[in-house]
Amino acid sequence: NLDPVEREIPDPNRRPTVPRSSCSLRTVVTYLYPAESGTPTLVPVVPQAFKTEVLHNRLTNFPGMTEGKVRPLQCEEEVQQASSLESAGYPADEAATLETLQMRYMAESRLFLGYFKSEKLVGFVCATSTDVDHLTEESMHVHVPHGETVCIHSVCVDRSMQRQGIASKLLQEFILQVKGSFPQTKRICLISHENLIPLYTKAGFVMVGLSEVVHGKEPWYECIMKL
């Protein structure tokens, strides 16, 4: 047991080595004394203000990418903006309709994240939950609350802003969102064309083979991340 009372260091000339924090270099060092021995134990503590700043930086900055922020969509107008990106980013026989995107947003808005630059939506990722262990045609149109599988249906970025790391940032934040807000989730699934598989494997997904889903002319490959 540690006595969480800060005391003076017995030897003022001793300069302990402070481990580098993965969150911030501005780490406050607190010396905690075990209740029995009185021997100081070095504990790095990150102040809440610095944690907030680090979280802000995590949500707004990504190597090779213009500044922006990731957050859930908040209104019908933003869903319509997402629909415009979807129509421009996918072939007509693959793009989800506005009605389908509205259904996904209404079913679970926390699974509909957008990347915003100057409050303009320039990319998004959306998903639903299912009670089966892989992505199916049905999962594209039905949301099962508390399902153990989250199925990503769209990862879309404005063509003028592609290859800036936005898709990777969206995936990164989406995975964190699922882990934090949907603890019952055991896996995240998606389907991808062959040329985009490296994007998803880099994000931590594993390509497991051809998908049973037939959606458009090109074959789809299923990628899964176990949580």
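Preceding this section is the structure that the text describes.
Let us look at the structure shown here.

Rules behind the numbers
- Residues numbered from 1 in each chain as written.
- Predicted model: local features only at pLDDT ≥ 70, side-chain atom pairs only at ≥ 80, totals over all residues.
- Heavy atoms only, no water.
- Helix = DSSP H or I, 4+ residues; strand = E, 2+ residues; numbered from the N terminus.
- Buried < 20%, exposed > 50% of the residue type's maximum accessible area, 1.4 Å probe, protein only.
- Phe/Tyr/Trp six-rings, centres within 6.5 Å; stacked < 30°, edge-to-face > 60°.
- Pairing = 2+ DSSP bridges.
- Axes fitted to C-alpha atoms, helices over the stretch in contact; angles between N-to-C directions.
- Contact = heavy atoms within 4.5 Å.
- Core = buried A, V, L, I, M, F, W, Y, C linked by side-chain atoms within 4.5 Å.
- Arc of directions from axis to C-beta.
- Parallel < 35°, antiparallel > 145°, perpendicular 65-115°, else oblique.
- Left-handed = near helix turned anticlockwise from the far one by under 90°.
- Nonpolar A, V, L, I, M, F, W, Y, C, P; charged D, E, K, R; others polar.

Quick notes on the environment of Lys202
Along the polypeptide, Lys202 turns up in helix 5 (residues 197–202). Under the relative-accessibility criterion, Lys202 is labelled exposed at 73%. Taking the C-alpha atoms as reference points, Lys202 and Ser168, 34 residues apart in sequence, are found 8.5 Å from one another.

Considerations on the packing of aromatic side chains
Across all of its chains, the model carries three aromatic pairs by this definition. Plain terms: the ring middles of Tyr105 and Phe112 are 6.2 Å apart, the flat faces sit at 75° to each other, and that makes the pair edge-to-face. Here Tyr105 falls in the buried class, since its relative accessible area comes to 13%. Centre to centre, the rings of Tyr200 and Phe205 are 6.3 Å apart; their planes meet at 85°, and the pair counts as edge-to-face. Tyr200 sits in the buried class, given a relative accessible area of 6%. An aromatic cluster is defined as three or more aromatic residues linked by ring pairs; in this entry it consists of Tyr105, Phe112 and Phe124.

Details of the pairing of strand 6 (residues 120–130)
Burial runs high along strand 6: ten of the eleven residues are buried. Pairing of strand 5 (residues 112–117) with strand 6, which is carried by six bridges, proceeds in the antiparallel orientation. Each residue of the ladder has a partner; that of Gly114, found in strand 6, is Phe124. Two successive antiparallel strands, strand 5 and strand 6, enclose a turn made up of two residues, where Ser118 displays a positive phi of approximately 55°. Strand direction decides the pairing type here: strand 6 and strand 7 (residues 149–157), joined by eight bridges, are antiparallel. Among the inter-strand pairings, Thr130 is bridged to a residue of strand 7, identified as Thr149.

Points about the sheet that holds strand 6
Taken in spatial order, the seven strands make up an open sheet running 4-5-6-7-8-10-9, and their pairing is mixed. Two strands bound the open sheet, and with one partner strand each, they are strand 4 (69–72) and strand 9 (206–210). Neighbouring strand axes in the sheet, compared pairwise and without regard to direction, differ in orientation by 25° on average. Contacts from helix 2 (residues 76–89) reach strand 4, strand 5, strand 6 and strand 7 within the one sheet, and its direction differs from that of strand 6 by about 90°.

Some thoughts on the nonpolar core
Counting residues in each nonpolar core, the largest one holds 26 residues, and the members touching the most others are Ile152, Phe174, Ile188 and Phe205. Top contributing element to this core by residue count: helix 4 (residues 166–181), with seven residues. Each residue touching Phe205, except ones within four places of it in the same chain, is listed here: Ile152, Ile175, Ile188, Leu190, Tyr200, Cys223, Ile224 and Met225. Counting residues in hydrophobic clusters, the runner-up holds 15 residues, among them Val79, Ala82, Ala95 and Cys126.

A closer look at helix 3 (residues 98–107)
Of the residues making up helix 3, those classed as buried are Thr100, Leu101, Arg104 and Tyr105. Take helix 3 and look down its axis: the buried residues cluster within an arc of 135°, on one side only. Exposed and facing more than 90 degrees away from the buried side of helix 3 are Glu99 and Met106. The inward-facing, buried residues of helix 3 abut helix 2, strand 5, strand 6 and strand 7.

Some words on the packing of helix 2 against helix 3
Closest axis-to-axis distance for the helix 2/helix 3 pair is 9 Å, and the angle between their directions is 135°. When the axes of helix 2 and helix 3 are compared, the pair comes out oblique. Seen from above, helix 2 lies across helix 3 with right-handed handedness. In this structure, helix 2 uses Glu76, Val79, Gln80, Ala82, Ser83 and Glu86 to contact helix 3, whose residues at the interface are Leu98, Leu101, Gln102 and Tyr105. Among the residues making up the contact of helix 2 with helix 3, the classes are represented as five nonpolar, three polar and two charged.

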